[in-house]
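Here are the chains, one letter per residue:
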Amino acid sequence: MASLPSPFVLLCFLCLVSFSMAAPPRKPINVPFQRNYVPTWAFDHIKYFNGGNDIQLVLDKYTGTGFQSKGSYLFGHFSMQLKLPAGDSAGVVAAFYLSSQNSEHDEIDFEFLGNRSGQPPILQTNVFTGGKGDREQRIYLWFDPAKEFHFYSVLWNMYQIVFYVDDVPIRVFKNCKDLGVRFPFNQPMKIYSSLWNADDWATRGGLEKTDWSKAPFIASYRGFHVDGCEASVESKFCATQGMRWWDQKEFQDLDGYQYRRLRWVRSKYTIYNYCTDRTRYPTMPPECKRDRDV
Ligand SMILES: *[C@@H]1O[C@H](CO)[C@@H](O)[C@H](O)[C@H]1NC(C)=O
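Just so it is clear, the structure is predicted and the values come from calculations on it, not from any experiment.

Criteria and thresholds
Residues numbered from 1 in each chain as written. Predicted model: local features only at pLDDT ≥ 70, side-chain atom pairs only at ≥ 80, totals over all residues. Heavy atoms only, no water. 1 Å grid on protein atoms, 1.4 Å probe; cavity = no way out; pocket = protein on both sides within 12 Å on 5 of 7 lines; lining within 4 Å. Points joined across faces, edges and corners; volume = space filled by probe spheres on them. Helix = DSSP H or I, 4+ residues; strand = E, 2+ residues; numbered from the N terminus. Expected span 1.5 Å × (residues − 1). Buried < 20%, exposed > 50% of the residue type's maximum accessible area, 1.4 Å probe, protein only. Arc of directions from axis to C-beta. Contact = heavy atoms within 4.5 Å. Polar contact = N/O pair within 3.5 Å; in protein donor to acceptor, adjacent residues only side chain to side chain. pLDDT = per-residue confidence, 0-100. Disulfide = S-S within 2.5 Å. Near = heavy atom within 4 Å. Phe/Tyr/Trp six-rings, centres within 6.5 Å; stacked < 30°, edge-to-face > 60°.

Things to note about the layout of surface pockets
Then, number 1: In this structure, the largest pocket occupies an estimated 240 Å³ of space.
Then, number 2: Around the largest pocket, the lining is made up of 21 residues, and of these Pro 85, Gly 87, Ser 89, Pro 121 and Ala 146 lie nearest the centre.
Then, number 3: Of all the secondary-structure elements, those providing two or more residues to the lining of the largest pocket are strand E6 (92-99) and strand E7 (107-113).
Then, number 4: By residue number, the principal contributor to the lining of the largest pocket is E6, which donates three residues.

A word on helix H3 (residues 256-269)
Then, number 1: Counted at 1.5 Å a residue, the expected span for H3 with its 14 residues is 20 Å, and the 20 Å between its end C-alpha atoms agrees.
Then, number 2: Along H3, the residues that are buried comprise Gln 258, Tyr 259, Leu 262, Val 265 and Tyr 269. Take H3 and look down its axis: the buried residues cluster within an arc of 135 degrees, on one side only. Among the exposed residues of H3, those oriented more than 90 degrees off its buried face are Ser 267 and Lys 268.
Then, number 3: Tucked into the core, H3 has its buried residues touching strand E9 (137-139), strand E11 (160-165), strand E12 (168-174) and strand E15 (270-273).
Then, number 4: Taking the backbone nitrogen of Tyr 257 as reference, a side-chain oxygen 3.2 Å away marks Asp 255 as the first, capping residue of H3.

Quick word on empty space enclosed by the protein
Then, number 1: A complete count under the given rule lists four cavities of 30 Å³ or more for this structure.
Then, number 2: Estimates place the volume of the largest cavity at around 60 Å³.
Then, number 3: Together, Gln 137, Arg 171, Val 172, Phe 173, Lys 174, Cys 176, Tyr 274, Cys 275, Glu 287, Cys 288, Arg 290 and Asp 291 line the largest cavity.
Then, number 4: Contributing elements (two or more residues each) for the lining of the largest cavity: E12 and helix H4 (288-292).
Then, number 5: At four residues, the largest contribution of residues to the lining of the largest cavity is made by E12.

Focus on the confidence of the model for the protein
Then, number 1: Here the protein averages 92 in pLDDT, and 91% of its residues register 70 or above.
Then, number 2: The low-confidence segment residues 1-20, where pLDDT is below 50, has one contact with residues more than four positions distant or belonging to other chains.

Notes on the state of the cysteines
Working definition: the covalent bond between the sulfur atoms of two cysteines is a disulfide.
Then, number 1: Tallied over the entire structure, the rule returns two disulfides.
Then, number 2: One disulfide bridge connects Cys 229 with Cys 238, the sulfur atoms lying 2.1 Å from each other. Residues Cys 229 and Cys 238 are joined by a disulfide whose S-S torsion is about 100 degrees; by sign, that bridge is right-handed.
Then, number 3: According to the relative accessible area criterion, Cys 238 is buried, its value standing at 4%.

Overview of the site of the ligand
Then, number 1: Neighbouring residues of the ligand: Leu 113, Gly 114, Asn 115, Gln 119, Pro 120, Ile 122, Tyr 140, Ala 202, Thr 203 and Arg 204.
Then, number 2: For the ligand, an oxygen atom lies 2.5 Å from a polar atom in the side chain of Asn 115.
Then, number 3: Separating an oxygen atom of the ligand from a side-chain N or O atom of Tyr 140 is a distance of 3.0 Å.

Comments concerning the packing of aromatic side chains
Then, number 1: Tallied over the entire structure, the rule returns 25 aromatic pairs.
Then, number 2: Measuring from centroid to centroid gives 5.3 Å for Phe 110 and Phe 163, while their planes differ by 75 degrees, and the two rings are edge-to-face. Separated by 53 residues along the polypeptide, Phe 110 in strand E7 and Phe 163 in strand E11 bring together distant segments of the chain.
Then, number 3: The exposure class assigned to Phe 163 is buried, which follows from its relative accessible area of 0%.
Then, number 4: With 6.2 Å between their ring centres and 10 degrees between their planes, Phe 173 and Phe 183 make a pair best called stacked. Here Phe 183 lies in the loop between E12 and strand E13 (190-197) and Phe 173 lies in strand E12, a separation of 10 residues in the sequence.

The structure is reproduced here in structure tokens:
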């Protein structure tokens, strides 16, 4: 009867495999700021705690501030824990984005648009390829992003760009090269974050202005995780292309469980999706064909 356990072993192996398929990229903790980042502007408006494990960006009526990654990357997984300014933050925008910052730039954006106390902030995402953006999607979050730290991350490989909030995929931008849409693949990007006053557009389209009596506005960050293929700004490819964990099969598409979570965000929290805006786009942008299939 020595053969008896083998079906069980096999079954258990299968269940482990399908479990790990559903796993989003891991969430490393305690990566200090200075390992991967440097301040970009208004250095005195960044405050450091616990040896740089925690930092705060400060916006007052004189200036906001920002930081950027030391390296530039072609593909990988980039995450940050973020706690947004509490209370009245109308007009205030915090952003976490990847950008190649050249003339025909590629860019992957998370933008948090503040709101009056008790009113929901908005998370706007956008993708630029070859200098072309105008692909905004907007959602409300299912928690108060000013209350606790949450993980925000980007997974970028040859097949897709996935925006995650904690473990939930909130947006997928598929490689639609076959449909004639450019996909970021040959321009290394740096990671940026900033906090600034955008009361000309951010809250209720600019109607709500920043209340400077509530300043300073503080955004807190930790977990400055970067796991990408580091490449010089001019390089056109990643030397280890296809061989890294994010290139593997399980990250080339979302699985059923992740699609269900994405659909949950779609149905319950979406405010705006450029793909369904027929006033702005009488003909649907080609990549939206795959956005709709979600
Ligand atoms: C702010 O609150 C208003 C009223 O609830 C809402 O219409 C708006 O979408 C919220 N967010 C932003 C960023 O304007």
